[in-house]
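Residue strings, one per chain:
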Amino acid sequence: MSSTAMPTTGAMPRTRRKADREGLRPLALAAPLLLLLIFSFGAPILALLSRAIYEPTIANTLPRTASALGKDSKDGVPGDETFQALAADLKDAAGAGSINEFAKSLNTRLPGARSQILRLGRATASGQPLDKAAMLKAAPLLGQDRSWVAIKGGLSGFTSFYLLSAFDLRWTDQGSIGAVPPDQAVFMRVIGRTFLIATLVTLGTLILGFPLAYWMNNLRPALAGIVLVLVLLPFWTSILVRTAAWTVVLQKFGLLNDVLLWLGLTSQRLELMYSRTGLVLAMTHIQLPFTLLPIYSVMRSVNTSQLRAAQSLGARPFTVFRRIYMPQVMPGVLAGCLLTFILCLGYYITPVLVGGASDQLVSNFIANYVNVELNWEMAAALSFVLLTSTLGLYIVMTRYLGLDLFKMG
(Lines give C-alpha, C1' and ligand atoms only; values in the text may rest on other atoms or scores of the structure.)
Protein backbone atom coordinates (compact mmCIF):
# COMPACT_ATOMS: atom_id res chain seq x y z
CA MET A 1 0.00 0.00 0.00
CA SER A 2 1.60 3.21 -1.16
CA SER A 3 1.46 6.44 0.77
CA THR A 4 1.69 9.97 -0.60
CA ALA A 5 4.14 12.26 1.14
CA MET A 6 2.47 15.47 2.30
CA PRO A 7 4.47 18.68 2.14
CA THR A 8 5.57 20.00 5.46
CA THR A 9 3.92 23.13 6.81
CA GLY A 10 7.23 24.99 6.75
CA ALA A 11 7.82 24.28 3.04
CA MET A 12 4.56 25.84 1.87
CA PRO A 13 5.33 29.42 3.06
CA ARG A 14 8.81 29.16 1.57
CA THR A 15 7.30 28.11 -1.78
CA ARG A 16 4.79 30.93 -1.63
CA ARG A 17 7.49 33.51 -0.84
CA LYS A 18 9.60 32.23 -3.69
CA ALA A 19 6.64 32.50 -6.08
CA ASP A 20 5.99 36.05 -4.84
CA ARG A 21 9.62 36.99 -5.47
CA GLU A 22 9.45 35.51 -8.95
CA GLY A 23 6.30 37.52 -9.64
CA LEU A 24 7.93 40.77 -8.46
CA ARG A 25 11.03 40.32 -10.60
CA PRO A 26 9.42 41.47 -13.90
CA LEU A 27 7.96 44.49 -12.07
CA ALA A 28 11.39 45.36 -10.66
CA LEU A 29 12.94 45.13 -14.14
CA ALA A 30 10.25 47.40 -15.59
CA ALA A 31 10.28 49.85 -12.66
CA PRO A 32 12.91 52.24 -14.13
CA LEU A 33 10.96 52.52 -17.37
CA LEU A 34 7.68 53.02 -15.52
CA LEU A 35 9.20 55.76 -13.36
CA LEU A 36 10.64 57.44 -16.44
CA LEU A 37 7.24 57.41 -18.13
CA ILE A 38 5.52 58.75 -15.02
CA PHE A 39 7.92 61.66 -14.43
CA SER A 40 8.71 62.57 -18.04
CA PHE A 41 5.32 61.89 -19.66
CA GLY A 42 2.49 61.39 -17.19
CA ALA A 43 3.32 64.11 -14.67
CA PRO A 44 3.71 66.94 -17.25
CA ILE A 45 0.42 65.96 -18.91
CA LEU A 46 -1.42 65.96 -15.57
CA ALA A 47 0.16 69.29 -14.65
CA LEU A 48 -1.01 70.81 -17.92
CA LEU A 49 -4.53 69.37 -17.72
CA SER A 50 -4.92 70.62 -14.14
CA ARG A 51 -4.65 74.19 -15.41
CA ALA A 52 -7.98 73.72 -17.17
CA ILE A 53 -9.74 73.74 -13.78
CA TYR A 54 -7.24 75.56 -11.52
CA GLU A 55 -6.20 79.14 -12.25
CA PRO A 56 -5.38 81.06 -9.04
CA THR A 57 -4.13 84.31 -10.61
CA ILE A 58 -7.22 86.37 -9.74
CA ALA A 59 -7.49 84.86 -6.26
CA ASN A 60 -3.79 85.53 -5.52
CA THR A 61 -3.96 89.09 -6.81
CA LEU A 62 -7.16 90.21 -5.03
CA PRO A 63 -7.09 88.95 -1.39
CA ARG A 64 -8.46 92.22 0.05
CA THR A 65 -11.13 92.43 -2.65
CA ALA A 66 -12.24 88.86 -1.92
CA SER A 67 -12.58 89.68 1.77
CA ALA A 68 -14.54 92.87 1.04
CA LEU A 69 -16.87 91.08 -1.37
CA GLY A 70 -17.54 88.49 1.31
CA LYS A 71 -18.77 91.23 3.63
CA ASP A 72 -20.73 93.07 0.93
CA SER A 73 -24.23 91.63 0.66
CA LYS A 74 -25.07 93.79 -2.34
CA ASP A 75 -25.49 92.03 -5.70
CA GLY A 76 -23.93 93.48 -8.84
CA VAL A 77 -21.53 96.44 -8.51
CA PRO A 78 -20.25 96.59 -4.89
CA GLY A 79 -19.81 99.61 -2.66
CA ASP A 80 -16.93 101.98 -1.89
CA GLU A 81 -15.20 99.64 0.57
CA THR A 82 -14.75 96.95 -2.08
CA PHE A 83 -13.40 99.48 -4.58
CA GLN A 84 -10.86 100.70 -2.02
CA ALA A 85 -9.80 97.10 -1.42
CA LEU A 86 -9.46 96.61 -5.18
CA ALA A 87 -7.30 99.76 -5.44
CA ALA A 88 -5.02 98.47 -2.69
CA ASP A 89 -4.72 95.05 -4.35
CA LEU A 90 -3.92 96.58 -7.73
CA LYS A 91 -1.30 98.84 -6.15
CA ASP A 92 0.42 95.84 -4.59
CA ALA A 93 0.20 93.91 -7.87
CA ALA A 94 1.71 96.82 -9.81
CA GLY A 95 4.56 97.00 -7.31
CA ALA A 96 5.15 93.25 -7.52
CA GLY A 97 4.99 93.24 -11.33
CA SER A 98 2.10 90.76 -11.44
CA ILE A 99 -0.58 93.12 -12.68
CA ASN A 100 0.00 92.17 -16.31
CA GLU A 101 -0.70 88.52 -15.53
CA PHE A 102 -3.83 89.50 -13.61
CA ALA A 103 -5.06 91.75 -16.43
CA LYS A 104 -4.49 88.96 -18.98
CA SER A 105 -6.35 86.42 -16.83
CA LEU A 106 -9.30 88.76 -16.30
CA ASN A 107 -9.34 89.69 -19.98
CA THR A 108 -9.88 86.02 -20.83
CA ARG A 109 -13.09 86.08 -18.81
CA LEU A 110 -14.00 89.67 -19.61
CA PRO A 111 -12.90 90.76 -23.11
CA GLY A 112 -11.65 94.34 -23.15
CA ALA A 113 -10.66 94.42 -19.46
CA ARG A 114 -6.89 94.25 -19.95
CA SER A 115 -6.27 97.83 -21.08
CA GLN A 116 -8.62 99.28 -18.46
CA ILE A 117 -7.09 97.26 -15.61
CA LEU A 118 -3.58 98.30 -16.65
CA ARG A 119 -4.67 101.94 -16.78
CA LEU A 120 -6.24 101.63 -13.35
CA GLY A 121 -3.10 99.91 -12.07
CA ARG A 122 -0.93 102.80 -13.24
CA ALA A 123 -3.27 105.22 -11.48
CA THR A 124 -3.10 103.31 -8.19
CA ALA A 125 0.69 102.94 -8.44
CA SER A 126 1.08 106.73 -8.71
CA GLY A 127 0.00 107.09 -5.10
CA GLN A 128 -3.05 109.24 -5.81
CA PRO A 129 -6.05 108.52 -3.58
CA LEU A 130 -8.81 107.10 -5.78
CA ASP A 131 -12.45 106.92 -4.90
CA LYS A 132 -15.09 104.81 -6.59
CA ALA A 133 -15.94 107.48 -9.17
CA ALA A 134 -12.30 107.94 -10.18
CA MET A 135 -11.80 104.19 -10.52
CA LEU A 136 -14.92 103.86 -12.68
CA LYS A 137 -13.63 106.67 -14.88
CA ALA A 138 -10.35 104.82 -15.40
CA ALA A 139 -12.03 101.43 -15.82
CA PRO A 140 -15.69 101.82 -16.92
CA LEU A 141 -16.11 98.04 -17.10
CA LEU A 142 -16.05 97.91 -13.32
CA GLY A 143 -19.41 99.67 -13.35
CA GLN A 144 -21.08 96.68 -15.00
CA ASP A 145 -22.53 93.67 -13.17
CA ARG A 146 -20.89 91.20 -15.54
CA SER A 147 -17.43 92.46 -14.57
CA TRP A 148 -17.96 91.57 -10.93
CA VAL A 149 -19.49 88.23 -11.90
CA ALA A 150 -16.23 87.50 -13.75
CA ILE A 151 -14.10 88.66 -10.80
CA LYS A 152 -16.09 86.58 -8.30
CA GLY A 153 -15.82 83.58 -10.60
CA GLY A 154 -12.02 83.71 -10.40
CA LEU A 155 -11.66 84.23 -6.64
CA SER A 156 -11.91 80.55 -5.74
CA GLY A 157 -8.97 79.40 -7.87
CA PHE A 158 -10.87 76.36 -9.09
CA THR A 159 -13.00 77.20 -12.09
CA SER A 160 -15.09 75.64 -14.82
CA PHE A 161 -14.72 78.69 -17.05
CA TYR A 162 -12.15 77.23 -19.45
CA LEU A 163 -13.81 73.84 -19.85
CA LEU A 164 -17.13 75.54 -20.55
CA SER A 165 -15.42 77.87 -23.02
CA ALA A 166 -14.06 74.85 -24.90
CA PHE A 167 -17.70 73.94 -25.61
CA ASP A 168 -18.72 77.56 -26.36
CA LEU A 169 -20.57 77.81 -23.05
CA ARG A 170 -20.35 80.21 -20.09
CA TRP A 171 -21.93 81.07 -16.77
CA THR A 172 -24.63 83.71 -17.23
CA ASP A 173 -25.36 86.57 -14.84
CA GLN A 174 -28.31 84.54 -13.54
CA GLY A 175 -25.99 81.73 -12.43
CA SER A 176 -26.97 79.25 -15.15
CA ILE A 177 -24.96 77.81 -18.05
CA GLY A 178 -25.71 79.31 -21.45
CA ALA A 179 -24.21 79.62 -24.91
CA VAL A 180 -21.71 82.35 -25.69
CA PRO A 181 -22.68 84.98 -28.30
CA PRO A 182 -22.56 83.64 -31.89
CA ASP A 183 -19.61 85.89 -32.80
CA GLN A 184 -17.58 84.29 -29.98
CA ALA A 185 -18.58 80.66 -30.67
CA VAL A 186 -15.41 79.21 -32.15
CA PHE A 187 -14.40 75.98 -30.51
CA MET A 188 -17.33 73.74 -31.36
CA ARG A 189 -16.80 74.56 -35.04
CA VAL A 190 -13.12 73.74 -34.68
CA ILE A 191 -13.85 70.45 -32.87
CA GLY A 192 -16.47 69.52 -35.48
CA ARG A 193 -14.04 70.38 -38.29
CA THR A 194 -11.33 68.25 -36.66
CA PHE A 195 -13.62 65.20 -36.47
CA LEU A 196 -14.88 65.80 -40.03
CA ILE A 197 -11.39 65.93 -41.54
CA ALA A 198 -10.30 62.91 -39.48
CA THR A 199 -13.33 61.00 -40.80
CA LEU A 200 -12.64 61.97 -44.42
CA VAL A 201 -8.99 60.95 -44.14
CA THR A 202 -9.92 57.65 -42.47
CA LEU A 203 -12.40 56.82 -45.22
CA GLY A 204 -9.84 57.78 -47.87
CA THR A 205 -7.18 55.51 -46.41
CA LEU A 206 -9.70 52.67 -46.09
CA ILE A 207 -10.83 53.01 -49.72
CA LEU A 208 -7.21 52.94 -50.88
CA GLY A 209 -5.77 50.57 -48.30
CA PHE A 210 -8.26 47.70 -48.31
CA PRO A 211 -7.96 46.80 -52.02
CA LEU A 212 -4.19 47.25 -51.86
CA ALA A 213 -3.92 44.95 -48.83
CA TYR A 214 -6.16 42.37 -50.53
CA TRP A 215 -4.01 42.51 -53.68
CA MET A 216 -0.79 42.19 -51.67
CA ASN A 217 -2.19 39.19 -49.80
CA ASN A 218 -2.80 37.37 -53.08
CA LEU A 219 0.66 38.05 -54.52
CA ARG A 220 3.63 35.73 -54.35
CA PRO A 221 5.57 36.27 -51.08
CA ALA A 222 8.59 37.79 -52.83
CA LEU A 223 6.51 40.24 -54.85
CA ALA A 224 4.34 41.06 -51.84
CA GLY A 225 7.48 41.92 -49.89
CA ILE A 226 8.58 44.35 -52.60
CA VAL A 227 5.17 46.06 -52.62
CA LEU A 228 5.23 46.24 -48.83
CA VAL A 229 8.60 47.99 -48.94
CA LEU A 230 7.21 50.49 -51.46
CA VAL A 231 4.28 51.17 -49.12
CA LEU A 232 6.56 51.62 -46.12
CA LEU A 233 9.15 53.74 -47.90
CA PRO A 234 7.23 57.02 -47.44
CA PHE A 235 6.41 55.89 -43.89
CA TRP A 236 10.12 55.88 -43.08
CA THR A 237 10.47 59.46 -44.31
CA SER A 238 9.98 62.40 -41.96
CA ILE A 239 6.42 63.70 -41.87
CA LEU A 240 7.78 67.22 -42.33
CA VAL A 241 9.54 66.17 -45.55
CA ARG A 242 6.40 64.46 -46.88
CA THR A 243 4.26 67.49 -46.07
CA ALA A 244 6.76 69.82 -47.72
CA ALA A 245 6.66 67.61 -50.81
CA TRP A 246 2.87 67.95 -50.95
CA THR A 247 3.20 71.74 -50.82
CA VAL A 248 5.13 71.45 -54.09
CA VAL A 249 2.74 68.95 -55.69
CA LEU A 250 -0.38 70.93 -54.80
CA GLN A 251 0.78 74.31 -56.11
CA LYS A 252 -1.37 75.97 -58.75
CA PHE A 253 1.40 75.27 -61.27
CA GLY A 254 2.44 72.07 -59.55
CA LEU A 255 2.59 68.46 -60.68
CA LEU A 256 -0.98 67.50 -59.76
CA ASN A 257 -2.52 70.37 -61.71
CA ASP A 258 -0.31 69.52 -64.70
CA VAL A 259 -1.49 65.88 -64.63
CA LEU A 260 -5.17 66.86 -64.32
CA LEU A 261 -4.89 69.23 -67.30
CA TRP A 262 -2.98 66.65 -69.35
CA LEU A 263 -5.67 64.01 -68.67
CA GLY A 264 -8.39 66.50 -69.56
CA LEU A 265 -10.11 66.12 -66.18
CA THR A 266 -10.11 69.90 -65.65
CA SER A 267 -10.14 72.85 -68.01
CA GLN A 268 -8.30 75.21 -65.64
CA ARG A 269 -5.84 74.98 -62.80
CA LEU A 270 -7.35 74.26 -59.38
CA GLU A 271 -6.57 76.00 -56.11
CA LEU A 272 -5.49 72.91 -54.18
CA MET A 273 -2.97 74.55 -51.89
CA TYR A 274 -4.37 75.99 -48.65
CA SER A 275 -7.66 74.20 -49.23
CA ARG A 276 -9.48 71.36 -47.52
CA THR A 277 -9.13 69.16 -50.59
CA GLY A 278 -5.37 69.50 -50.55
CA LEU A 279 -5.25 68.93 -46.81
CA VAL A 280 -7.26 65.69 -47.04
CA LEU A 281 -5.09 64.46 -49.94
CA ALA A 282 -1.86 65.09 -48.04
CA MET A 283 -3.11 63.56 -44.80
CA THR A 284 -4.51 60.52 -46.62
CA HIS A 285 -1.14 59.83 -48.21
CA ILE A 286 0.67 60.21 -44.89
CA GLN A 287 -1.80 58.03 -42.96
CA LEU A 288 -2.22 55.26 -45.54
CA PRO A 289 0.32 52.85 -43.96
CA PHE A 290 -1.37 53.12 -40.56
CA THR A 291 -4.63 51.82 -42.05
CA LEU A 292 -3.14 49.33 -44.49
CA LEU A 293 -0.75 47.45 -42.20
CA PRO A 294 -3.32 46.19 -39.63
CA ILE A 295 -5.64 45.11 -42.47
CA TYR A 296 -2.83 43.30 -44.29
CA SER A 297 -1.69 41.63 -41.06
CA VAL A 298 -5.17 40.20 -40.39
CA MET A 299 -5.69 39.18 -44.03
CA ARG A 300 -2.56 37.05 -43.89
CA SER A 301 -4.00 35.07 -40.97
CA VAL A 302 -7.27 34.18 -42.75
CA ASN A 303 -7.55 30.45 -43.48
CA THR A 304 -8.23 30.27 -47.23
CA SER A 305 -9.46 26.67 -46.94
CA GLN A 306 -12.66 28.02 -45.41
CA LEU A 307 -13.25 30.14 -48.51
CA ARG A 308 -12.67 27.21 -50.82
CA ALA A 309 -14.97 25.01 -48.74
CA ALA A 310 -17.76 27.58 -48.95
CA GLN A 311 -17.35 27.84 -52.74
CA SER A 312 -17.39 24.04 -53.10
CA LEU A 313 -20.70 24.00 -51.22
CA GLY A 314 -22.25 26.36 -53.77
CA ALA A 315 -21.78 29.78 -52.19
CA ARG A 316 -21.33 32.65 -54.63
CA PRO A 317 -18.09 34.67 -54.48
CA PHE A 318 -19.79 37.75 -53.04
CA THR A 319 -21.51 35.63 -50.38
CA VAL A 320 -18.19 34.04 -49.44
CA PHE A 321 -16.60 37.47 -49.22
CA ARG A 322 -19.43 38.98 -47.16
CA ARG A 323 -20.21 36.13 -44.77
CA ILE A 324 -16.85 34.40 -44.29
CA TYR A 325 -13.99 36.67 -45.34
CA MET A 326 -15.15 40.07 -44.06
CA PRO A 327 -16.04 38.96 -40.49
CA GLN A 328 -12.49 37.64 -40.12
CA VAL A 329 -10.89 40.75 -41.63
CA MET A 330 -13.08 43.27 -39.82
CA PRO A 331 -10.91 43.47 -36.65
CA GLY A 332 -8.00 44.62 -38.82
CA VAL A 333 -10.21 47.14 -40.63
CA LEU A 334 -11.48 48.58 -37.36
CA ALA A 335 -8.00 48.67 -35.83
CA GLY A 336 -6.50 50.45 -38.84
CA CYS A 337 -9.36 52.96 -39.06
CA LEU A 338 -9.26 53.66 -35.32
CA LEU A 339 -5.50 54.18 -35.37
CA THR A 340 -5.72 56.56 -38.33
CA PHE A 341 -8.66 58.47 -36.88
CA ILE A 342 -6.95 59.00 -33.52
CA LEU A 343 -3.72 60.16 -35.16
CA CYS A 344 -5.64 62.59 -37.37
CA LEU A 345 -7.28 64.19 -34.33
CA GLY A 346 -3.87 65.39 -33.16
CA TYR A 347 -2.43 66.50 -36.49
CA TYR A 348 -0.49 69.76 -36.41
CA ILE A 349 2.21 70.14 -39.08
CA THR A 350 0.18 69.24 -42.17
CA PRO A 351 -2.76 71.60 -41.45
CA VAL A 352 -0.29 74.42 -40.82
CA LEU A 353 1.62 73.95 -44.09
CA VAL A 354 -1.13 72.71 -46.42
CA GLY A 355 -4.48 73.71 -44.91
CA GLY A 356 -6.02 77.14 -45.17
CA ALA A 357 -7.10 79.47 -42.38
CA SER A 358 -10.50 77.76 -42.21
CA ASP A 359 -8.95 74.27 -42.00
CA GLN A 360 -6.94 74.56 -38.79
CA LEU A 361 -7.59 71.75 -36.32
CA VAL A 362 -7.81 71.66 -32.53
CA SER A 363 -4.08 70.97 -32.22
CA ASN A 364 -3.29 74.20 -34.08
CA PHE A 365 -5.37 76.20 -31.60
CA ILE A 366 -3.66 74.46 -28.69
CA ALA A 367 -0.23 75.34 -30.09
CA ASN A 368 -1.31 78.95 -30.65
CA TYR A 369 -2.55 79.30 -27.06
CA VAL A 370 0.71 77.83 -25.73
CA ASN A 371 3.27 79.58 -27.97
CA VAL A 372 1.62 82.86 -28.96
CA GLU A 373 -1.11 83.91 -26.54
CA LEU A 374 0.47 82.17 -23.51
CA ASN A 375 -2.99 81.11 -22.39
CA TRP A 376 -2.09 77.77 -20.91
CA GLU A 377 -5.49 77.37 -19.26
CA MET A 378 -7.39 77.45 -22.56
CA ALA A 379 -4.79 75.16 -24.12
CA ALA A 380 -5.27 72.74 -21.22
CA ALA A 381 -9.06 72.80 -21.65
CA LEU A 382 -8.85 72.03 -25.37
CA SER A 383 -6.28 69.31 -24.66
CA PHE A 384 -8.64 67.79 -22.12
CA VAL A 385 -11.48 67.76 -24.66
CA LEU A 386 -9.23 66.14 -27.27
CA LEU A 387 -7.88 63.55 -24.83
CA THR A 388 -11.29 62.56 -23.48
CA SER A 389 -12.70 62.33 -27.02
CA THR A 390 -9.87 60.00 -28.02
CA LEU A 391 -10.21 57.83 -24.91
CA GLY A 392 -13.99 57.73 -25.29
CA LEU A 393 -13.69 56.59 -28.90
CA TYR A 394 -11.22 53.88 -27.95
CA ILE A 395 -13.43 52.64 -25.09
CA VAL A 396 -16.45 52.46 -27.39
CA MET A 397 -14.49 50.50 -30.00
CA THR A 398 -13.08 48.04 -27.46
CA ARG A 399 -16.20 47.56 -25.37
CA TYR A 400 -18.98 47.48 -27.95
CA LEU A 401 -17.16 46.27 -31.06
CA GLY A 402 -14.87 43.77 -29.36
CA LEU A 403 -11.71 45.40 -30.69
CA ASP A 404 -8.47 45.36 -28.71
CA LEU A 405 -5.51 47.07 -30.34
CA PHE A 406 -3.12 45.41 -27.89
CA LYS A 407 -4.10 41.99 -29.26
CA MET A 408 -3.78 42.95 -32.90
CA GLY A 409 -0.81 41.53 -34.66
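One structure accompanies this document, and this report is about it. Fair warning: this is a prediction, and the values are worked out from it, not measured in the lab.

## Structural notes on the overall build of the protein
Helix and strand content of the protein: 19 helices and two strands. The globule rule puts the C-alpha radius of gyration for 409 residues at 22 Å, and the 31 Å found for the protein is more than 25% above it. Projected onto its principal axes, the C-alpha positions of the protein cover 95 × 95 × 35 Å. Going through the 409 residues of the protein one by one, you find that 38% of them count as buried. Excluding contacts between residues fewer than 6 apart, the proportion of contacts in the protein whose partners are at least 24 apart in sequence is 67%. Summed over all atoms, the accessible surface of the protein reaches about 23,400 Å², with 65% contributed by carbon and sulfur.

## Here's the deal with the side chain of Thr65
For Thr65, the position within the fold is in helix α3 (residues 63–71). Sequence-distant contacts of Thr65, that is, excluding residues within four places in its chain, are made with Thr82, Ala85, Leu86, Asp89 and Trp148.

## Description of the nonpolar core
Membership of the largest hydrophobic core comes to 30 residues, with the highest contact counts inside it found for Met283, Val362, Ile366, Met378 and Leu382. Among the elements of the structure, α9 (161–166), α10 (187–217), α14 (276–300), α16 (317–345), α18 (362–371) and α19 (376–400) are those that each provide at least two residues to this core. When near neighbours in sequence (up to four residues on either side) are disregarded, Ile366 contacts Ala379, Leu382, Ser383 and Leu386. Grouped together as the second largest cluster of nonpolar side chains are 27 residues, Leu62, Ile99, Leu106 and Met135 included.

## Some words on the packing of α10 against α14
The geometry of α10 relative to α14 is characterised by a closest axis approach of 6 Å and an angle of 45° between their N-to-C directions. When the axes of α10 and α14 are compared, the pair comes out oblique. Along this stretch, α10 crosses α14, giving a crossing that reads as right-handed. The class makeup of the residues in the contact of α10 with α14 is 19 nonpolar, seven polar and three charged.

## Here we look at the pattern of salt bridges
Opposite charge on two side chains allows them to pair when their charged atoms are near. Throughout the structure, instances matching the rule amount to seven salt bridges. A salt bridge links Arg269 to Asp258; the nearest nitrogen and oxygen atoms lie 2.8 Å apart. Note that Arg269 is positioned in the loop between α13 (255–263) and α14 and Asp258 in helix α13, a separation of eleven residues in sequence. Its relative accessible area of 25% is what places Arg269 among the partly exposed residues. With relative accessibility at 33%, the residue Asp258 sits in the partly exposed group. Connected through salt bridges with shared partners, the residues Arg64, Asp89 and Asp92 form a single ionic network.

## Details of the environment of Tyr296
Positionally, Tyr296 belongs in helix α14. Separated by 86 residues in the primary sequence, Tyr296 and Phe210 have C-alpha atoms spaced 8.1 Å apart. Residues contacting Tyr296, with those up to four places away along its chain left out, are Ala213, Met216, Asn217, Ala224 and Leu228.

The rules we used
Residues numbered from 1 in each chain as written. Predicted model: local features only at pLDDT ≥ 70, side-chain atom pairs only at ≥ 80, totals over all residues. Heavy atoms only, no water. Helix = DSSP H or I, 4+ residues; strand = E, 2+ residues; numbered from the N terminus. Rg over C-alpha atoms; globule rule 2.2 N^0.38 Å. Buried < 20%, exposed > 50% of the residue type's maximum accessible area, 1.4 Å probe, protein only. Contact = heavy atoms within 4.5 Å. Areas by Shrake-Rupley, 256 points an atom, 1.4 Å probe, with all protein chains shown as cover. Core = buried A, V, L, I, M, F, W, Y, C linked by side-chain atoms within 4.5 Å. Axes fitted to C-alpha atoms, helices over the stretch in contact; angles between N-to-C directions. Parallel < 35°, antiparallel > 145°, perpendicular 65-115°, else oblique. Left-handed = near helix turned anticlockwise from the far one by under 90°. Nonpolar A, V, L, I, M, F, W, Y, C, P; charged D, E, K, R; others polar. Salt bridge = Lys/Arg side-chain N within 4 Å of Asp/Glu carboxyl O.

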